[in-house]
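These are the residues of each chain, in order.
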Amino acid sequence: MCIRDSTKGASEFILEACDKFLDWETDQIYTINDELKERVEKAIEQMAENALRTIGIAYKEVSGNEDFATKDDKGVYDIEKSGFILIGIFGIMDILRKEVPGAVAQCKNAGIKVRMVTGDNKITAKAIAISCGIIDPNNKKSVVMEGSEFMERVGGVVCKRCRTAICECPRDKESARLQGKPMREDTIMKGEEFDAIYPNLDVLSRSRPEDKYALVTGLIERGPVSYTHLRAHETGRNLVCRLLLEKKKKKHGSYFYIYLNSKSIITN
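Description of the structure in this document. (Residues numbered from 1 in each chain as written. Predicted model: local features only at pLDDT ≥ 70, side-chain atom pairs only at ≥ 80, totals over all residues. Heavy atoms only, no water.)

A cluster of acidic residues, D34, E35, E38 and E41, forms a negative patch at the surface. Within the secondary structure layout, E41 lies in helix α2 (residues 34–49). According to the relative accessible area criterion, E41 is partly exposed, its value standing at 38%. (Patch = residues over 30% accessible without salt bridge, like charges linked within 9 Å, V, L, I, M, F, W, Y side chains within 5 Å. Areas by Shrake-Rupley, 256 points an atom, 1.4 Å probe, with all protein chains shown as cover. Salt bridge = Lys/Arg side-chain N within 4 Å of Asp/Glu carboxyl O. Lys, Arg positive; Asp, Glu negative; His and termini not counted. Charge placed at Lys NZ, Arg CZ, Asp CG, Glu CD. Helix = DSSP H or I, 4+ residues; strand = E, 2+ residues; numbered from the N terminus. Buried < 20%, exposed > 50% of the residue type's maximum accessible area, 1.4 Å probe, protein only.)

Quick look at the structure:
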């Protein structure tokens, strides 16, 4: 018996896992050669430049006896990495909430640095950030970076005392009291590299929770910092008022950041 294994996800990853494609007109399956792969990659790039989220859909036939358990350090199963037949690449346009550009402008005028942290790919994330005013297209110093590159450059988060990512230091005051040990304090491993990146970092794309945590940890070390998300269904005016109210409660000289993920600035 033959089983069909279907998959969908970020177009560039799906394409990488495919060696064949389904021709919709002839219903025939053909090999993806270098020329065709380059054409598909160019189409993905063009859609992303127009703020389209690209999704790939593919499938492959399996017998059921394959290895479904082995996966890499990123949690991707080996069976998901190759042998797929590409069905298509789809571009999805999410409409920007009309109040977002104005809210971003008000935040900037109030001295609030706006950054976007998102799971979208680098090109799509940049296009969305430009459309809502987070990025000035004329600013050559603006940095858009993927989470994996950011973590590789800054070295991730480590214990300030042990200088390792994993240690036995207690993470809360009660555990520290019971164990008679100092509570763990997180820090960025490569602080100088972080200092070189963060002033101009406007968008962190393809980011995971640990990437965002590292960014916030580094900023708090250089703080004080107030950070927040655009809450669901919150209007731009409410957001600015809330942030300014928080700012009044802080001492002079504080840094203020608002973190927007792409889902929070588009219409669901």
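So, about the pairing of strand β3 (residues 28–31). Both strand β2 (residues 18–23) and β3 contribute to a ladder of 4 bridges, which runs antiparallel. For F21, the partnering residue across the bridge sits in β3 and is Y30. Counted between consecutive antiparallel strands, the loop separating β2 from β3 contains 4 residues, among which D27 sits at a positive phi close to 60 degrees. (Pairing = 2+ DSSP bridges.)

Moving on, we get to the nonpolar core. The biggest cluster of nonpolar side chains holds 16 residues, and the ones touching the most others in it are V104, V114, M116, A129, I134, I135 and V203. Put simply, the parts of the chain that give this core at least two residues each are α3 (100–109), β6 (113–117) and α4 (122–131). Looking at which element gives the most residues to this core, the answer is α4, with 4 residues. Within the second largest apolar cluster, 15 residues are counted, among which are V157, I188, I197 and L219. (Core = buried A, V, L, I, M, F, W, Y, C linked by side-chain atoms within 4.5 Å.)

For the rest of this paragraph, the subject is the packing of aromatic side chains. Applying the stated rule across the entire model yields 4 aromatic pairs. Between the aromatic rings of F21 and Y30, the centroid separation amounts to 5.7 Å while the plane-to-plane angle is 35 degrees, which identifies the pairing as tilted. Judged by its relative accessible area of 21%, F21 is partly exposed. Between F194 and Y198 the ring centres are 5.3 Å apart and the planes differ by 25 degrees, which places this aromatic pair in the stacked class. Taking the relative accessible area as the measure of exposure, F194 reaches 0% and is therefore buried. According to the relative accessible area criterion, Y198 is buried, its value standing at 18%. Connected via pairs of aromatic rings, a cluster forms that spans F150, F194 and Y198. (Phe/Tyr/Trp six-rings, centres within 6.5 Å; stacked < 30°, edge-to-face > 60°.)

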